[in-house]
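What follows is each chain in one-letter form.
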Amino acid sequence: QKLQTDLYNGLYVPPTLRVRRGDRIELELRNRIDMQSNLHYHGTNVSPLGDSDNVFLHLFPTEDFLYRIDIDEQHPQGLFYYHPHLYGLTQEQIAGGMSG
């Protein structure tokens, strides 16, 4: 049997992002799938605006975008989840392996 899936960095298990309070995540998403995509940092207390956790950004195929997410000095500890967050495409992309 054959499995076809979308991946982050060609890895079946996506990268774990390890950050500390006061850190900044700078993560470039290179959309190389045949549909729009983006990223959402689920459960984090970060800005939803601009180049941070903005679920209204739509990256078209072949488009790149540099996310800059500032982690507050008072951010609670925890395990958080990142995934695509486009209306109508979220489930398909997560089921295809695009989450971490």
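Our structure is the block above this text.
Procedures and definitions
Think of each chain on its own: its residues are numbered from 1, step by step along the sequence as written. pLDDT decides what is reported in this predicted model: residues at 70 or higher carry local features, side-chain atom pairs at 80 or more are listed and counted, and totals for whole chains, interfaces and linings draw on all residues regardless. Hydrogen atoms and water are omitted, and side-chain values are computed over all heavy atoms in the structure. Grid spacing is 1 Å over the protein atoms alone, the probe is 1.4 Å, and a cavity is where that probe fits but cannot get out, while a pocket is an open set with protein on both sides within 12 Å along at least five of seven lines and lining residues have an atom within 4 Å of a point. Grid points are joined across faces, edges and corners, and a volume is the space filled by probe spheres set on the points. Runs of E in the DSSP output that reach at least two residues are strands. Runs of H or I that reach at least four are helices, and both are numbered from the N terminus. Buried, partly exposed and exposed residues are distinguished by accessible area as a fraction of the type maximum, computed with a 1.4 Å probe on protein chains only: under 20%, between the cut-offs, and over 50%, respectively. Charge counting follows a simple rule: Lys and Arg are positive, Asp and Glu are negative, and His as well as the terminal groups are ignored. Criterion for a salt bridge: a side-chain nitrogen of Lys or Arg within 4 Å of a carboxyl oxygen of Asp or Glu. For this analysis, residues touch if any pair of their heavy atoms sits within 4.5 Å. Throughout this description, a polar contact denotes any pair of N or O atoms lying within 3.5 Å of each other; where both atoms belong to protein, one of them has to be capable of donating a hydrogen while the other can accept it, and for residues adjacent in sequence the pair is counted only when both atoms sit in side chains.

Here the focus is the layout of surface pockets. Counted as a void, the largest pocket has a volume near 540 Å³. For the largest pocket, the lining is made up of 23 residues, of which Leu-17, Arg-18, Val-19, Gly-78 and Phe-80 are closest to its centre.

Phi is positive for Thr-62, which is not a glycine, with a value near 75°. Looking at where Thr-62 falls in the secondary structure, it is placed in the loop between β2 (40-42) and β3 (64-70). Accessibility expressed as a relative area gives 64% for Thr-62, which makes it exposed.

Of note, Asp-53 is situated in the loop between β2 and β3. Within the buried core, Asp-53 has no salt-bridge partner, and the shortest N-O distance to an opposite charge, that of Arg-24, equals 14 Å. Those residues within four positions of Asp-53 in sequence are excluded, and the remaining contacts are Leu-39, His-40, Tyr-41, Thr-44, Val-46, Ser-47, Pro-48 and Ile-69.

Attention shifts here to the side chain of Ser-37. Checked against the element boundaries, Ser-37 lands in the loop between β1 (24-30) and β2. The class for Ser-37 is buried, based on a relative accessible area of 1%. In terms of polar contacts, Ser-37 uses its side chain to reach the side chain of Gln-93, at 2.8 Å.

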